[in-house]
Number of protein chains: 2
Amino acid sequence: MQQATILTGDRPTGPLHIGHYVGSLRQRVEAQHHYRQFVMIADQQALTDNGHQPEKVAGNVLEVMADYLAAGLDPSLTTFCLQSALPALPELTAYYLNLVSVARLERNPTVKAEIQQKGFARSLPAGFLTYPVSQAADITAFRASHVPVGEDQLPMLEQTNEIVRRFNSLVGQPVLTECQPILGAQGRLPGIDGQAKMSKSLGNTITLGMEADALRQAVFAMYTDPHHLRVSDPGRVEGNTVFTYLDAFHPDHALVAELKAHYQRGGLGDTRCKQILNDCLQTLLAPMRARRQAALAERGELLALLRRGSEQARELTGSVLGDVKRAMGLDYFG
Amino acid sequence: MQQATILTGDRPTGPLHIGHYVGSLRQRVEAQHHYRQFVMIADQQALTDNGHQPEKVAGNVLEVMADYLAAGLDPSLTTFCLQSALPALPELTAYYLNLVSVARLERNPTVKAEIQQKGFARSLPAGFLTYPVSQAADITAFRASHVPVGEDQLPMLEQTNEIVRRFNSLVGQPVLTECQPILGAQGRLPGIDGQAKMSKSLGNTITLGMEADALRQAVFAMYTDPHHLRVSDPGRVEGNTVFTYLDAFHPDHALVAELKAHYQRGGLGDTRCKQILNDCLQTLLAPMRARRQAALAERGELLALLRRGSEQARELTGSVLGDVKRAMGLDYFG
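Source: prediction; values computed, not measured. (Residues numbered from 1 in each chain as written. Chains lettered and ligands numbered in written order. Predicted model: local features only at pLDDT ≥ 70, side-chain atom pairs only at ≥ 80, totals over all residues. Heavy atoms only, no water.)

### A short note on the pairing of strand 2 (residues 36–41) of chain A
Residues and elements named next belong to chain A.
- Among the six residues in strand 2, five count as buried, and that is most of the element.
- Here strand 1 (residues 5–10) pairs with strand 2 via six bridges, running parallel. Across the sheet, the residue bridging to Thr 8 is Val 39, located in strand 2.
- In this region the chain leaves strand 1, passes through helix 1 (residues 18–31) and returns to the parallel neighbour strand 2; the handedness of that crossover is right-handed.
- Bridge count between strand 2 and strand 3 (residues 78–82): five bridges; the pairing is parallel. Note that in strand 3 the partner of Gln 37 across the bridge is Thr 78. (Buried < 20%, exposed > 50% of the residue type's maximum accessible area, 1.4 Å probe, protein only. Helix = DSSP H or I, 4+ residues; strand = E, 2+ residues; numbered from the N terminus. Pairing = 2+ DSSP bridges. Right-handed = clockwise from strand over helix to strand, strands pointing away.)

### What to know about the side chain of Thr224(A)
Residue and element names in this part refer to chain A.
- Structurally, the position occupied by Thr 224 is in the loop between helix 11 (212–220) and helix 12 (241–249).
- In terms of polar contacts, Thr 224 uses its side chain to reach the side chain of Asp 270, at 2.7 Å.
- Excluding residues that lie within four positions of it along the chain, Thr 224 makes contacts with Gly 239, Asn 240, Val 242, Tyr 263, Asp 270 and Lys 274. (Polar contact = N/O pair within 3.5 Å; in protein donor to acceptor, adjacent residues only side chain to side chain. Contact = heavy atoms within 4.5 Å.)

### Comments concerning the packing of aromatic side chains
Residues and elements named next belong to chain A.
- For the structure shown, the criterion picks out twelve aromatic pairs over all chains.
- Here the aromatic rings of Phe 38 and Phe 142 are separated by 4.9 Å at their centres, their planes lie at 55°, and the arrangement is tilted. Placement of the pair is Phe 38 in strand 2 and Phe 142 in the loop between helix 9 (131–141) and strand 4 (146–149), with a sequence separation of 104 residues.
- The class for Phe 142 is buried, based on a relative accessible area of 1%.
- The ring centre of Tyr 131 lies 5.3 Å from the NZ or CZ of Arg 11, which sits over that ring. (Phe/Tyr/Trp six-rings, centres within 6.5 Å; stacked < 30°, edge-to-face > 60°. Lys NZ or Arg CZ within 6 Å of the ring centre and 35° of its normal.)

### Topic: the domain arrangement of chain A
Residue and element names in this part refer to chain A.
- What the domain assignment lists for chain A is domain 1 (5–189 + 299–328) and domain 2 (209–293).
- Using only C-alpha atoms to locate each centre, domain 1 and domain 2 end up separated by 34 Å.
- With 14 residues of domain 1 at the contact, the number on the domain 2 side is nine residues.
- Taken together, the two surfaces of domain 1 and domain 2 that pack against each other cover about 990 Å², and 65% of this comes from carbon and sulfur.
- Its largest share of buried area at the contact with domain 2, domain 1 owes to Ile 18, Ala 70 and Leu 189, together 48% of the area lost on that side.
- Taken together, domain 1 and domain 2 are joined by two salt bridges.
- The partner of Glu 63 in a salt bridge is Arg 292, and the shortest N-O contact between them spans 2.9 Å.
- In this structure, the connection of domain 1 to domain 2 is made through five residue pairs in polar contact (both at pLDDT 80 or more).
- For the side of domain 1 that touches domain 2, the secondary structure elements donating two or more residues are helix 1 and helix 4 (61–71).
- Of all the elements, helix 4 adds the most residues to the side of domain 1 that touches domain 2, at six residues.
- A class-by-class count of the residues in the side of domain 1 that touches domain 2 yields nine nonpolar, two polar and three charged. (Domains from an automatic or database assignment. Buried area = accessible area lost by both parts, 1.4 Å probe. Salt bridge = Lys/Arg side-chain N within 4 Å of Asp/Glu carboxyl O. Nonpolar A, V, L, I, M, F, W, Y, C, P; charged D, E, K, R; others polar.)

### Here we look at the pattern of salt bridges
- Using the criterion set out here, one finds 30 salt bridges over all chains in the structure.
- The salt bridge partner of Asp323(A) is Arg143(A), with a shortest N-O separation of 2.9 Å. You can see Asp323(A) sitting in helix 15 (residues 299–328) and its partner Arg143(A) sitting in the loop between helix 9 and strand 4, a full 180 residues away along the chain.
- Between Glu178(B) and Arg165(B) there is a salt bridge, with its nearest N and O atoms 3.0 Å apart. You can see Glu178(B) sitting in the loop between helix 10 (154–171) and strand 5 (180–183) and its partner Arg165(B) sitting in helix 10, a full 13 residues away along the chain.
- Of the residues examined, Glu178(B) reaches a relative accessible area of 37% and is grouped as partly exposed.
- One salt-bridge network, in which partners are shared between bridges, spans Glu63(A), Asp67(A), Arg292(A) and Arg299(A).

### A short note on the environment of Phe128(B)
- Within the secondary structure, Phe128(B) is located in helix 8 (residues 126–129).
- Accessibility expressed as a relative area gives 0% for Phe128(B), which makes it buried.
- The spacing of Phe128(B) and Asp67(B) is 61 residues in sequence and 26 Å in space, taken between C-alpha atoms.
- For Phe128(B), the contacting residues outside a window of four places in its chain are Asn98(A), Thr48(B), Asp49(B), Val111(B), Glu114(B), Ile115(B), Lys118(B) and Phe120(B).

Encoded structure:
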């Protein structure tokens, strides 16, 4: 039986932050012990909505690699690879594009929401409309059985499995493998300003490599309950970013529950809560920062690591492409 | 200075016919003496509207190769290659898709007309909508300076040159080369039934490999002037397929002009005209049929010829892809 395989990854559009850590990196560090795990830096996909800033994408590839090592991904357990180093992916995409209608792509709820969010309208790049097909190529090329996603990404896996079924039925053989989601337990971490999205452009992130001083400042600038004016006042913990973060990061759940109760009945100040959160995040990030710096001090080695993984991935994805072409009869040269 | 380079080719969806001969093959036989010429069998593009019949596409690759040799293309002057053997093409397509809007693709007049003609409507495959981008990848990957096209294909070259200019301006270097059309003097040859389109499914073609008896039958079944009932009647030469073919194929233009005048004033029978056309086409096709049979008798050699050409094309297109990725900064591994 084939080993359960995870494909996951990130678009290299900026350094990773603690939102990525709770949302995906932490799970990957765990998963690498139980699955064959490929982590792909999706530079080609990043270009689908950064087509006019290739230098931004290219410039972040090694940053993201450093973040992976920082977060605790282990190169002996996880294979890192680079999307643009895998020519089988766009070739599979080309074949799959013939099996999906434009109408079907326009119905994709994730793409629809993203089109609105990014304000594309008539200027929608063709590569953006078709990126779910390119994702299907990624997933199937690795024979991924499991793909960690958020709820909002489920339509992507449906699209992938639709293509898998259509292709297999077309050629009358089970050439491609369907995948299933691993749904994250953790919802999306808000920015330090309480906004729903942590993003570099909003300046509300805590990156994995943030220096201790900056981290402390970020925590003490954090959004809490605006009506909690005096320490003695009762405060709200819902929508209070400090408590959202304590829930996400503090290992001592009993302590967090106690703090919440105290805050709600009054008598616990924001400063005290922020101190506790700061301690917790400093403890979490200190070793990450160190690993990140060490990784970036040896850029040549970091690049070589990505290259070796990409070579392995190239072999695997190339063999799946070979199966696909053989099944279609497009293997003239053997 | 770079040598003037032609890229041209065919979708392998059936054996080639004399419509292809007058429309393109004849010009290629001439052009191979003056240009560096690549002739690509576009199996991937054929799949954009034959996605559910890959076996039809795969089954016609060697047929088309045999037709090329039959028509007089010379492997020492023309390089034959296979689209699906050139991974640089779909990868370039992936990058270019980010530089073209969906709205722009939907405005393409050629694609619009073809969508209507093929009756796609809501079931339009994404690969069909985006095939002009894939053509831009083909043309630019070969650094083609010249592309032979019909009037109806000019929008494809405009789309290509738009992508070239957008990419070059994006990276601030003239990485890609614009192309110009070589417009065919000859319009489209009608089917033997007088229909505008010669097509295998309509059963109105004369293939390059047609046997002598079948060719004679096809010529004598040909559509003429339905009102030209008696030899002595004046006849029409406009829309009369026999005269359209004589114009296209007969080397003696003075004779054809004389026949037309005679036919128009009356006294020249269809049978006599068809005999002259039959003689002319038998003379044209006899050596083609012989070359075609010889080529197909050695399928291994034919395949090896395609493979060698594809390897050369792979090197060239790979180097252009390398230039494109380098210009975008996506050349991490050197």
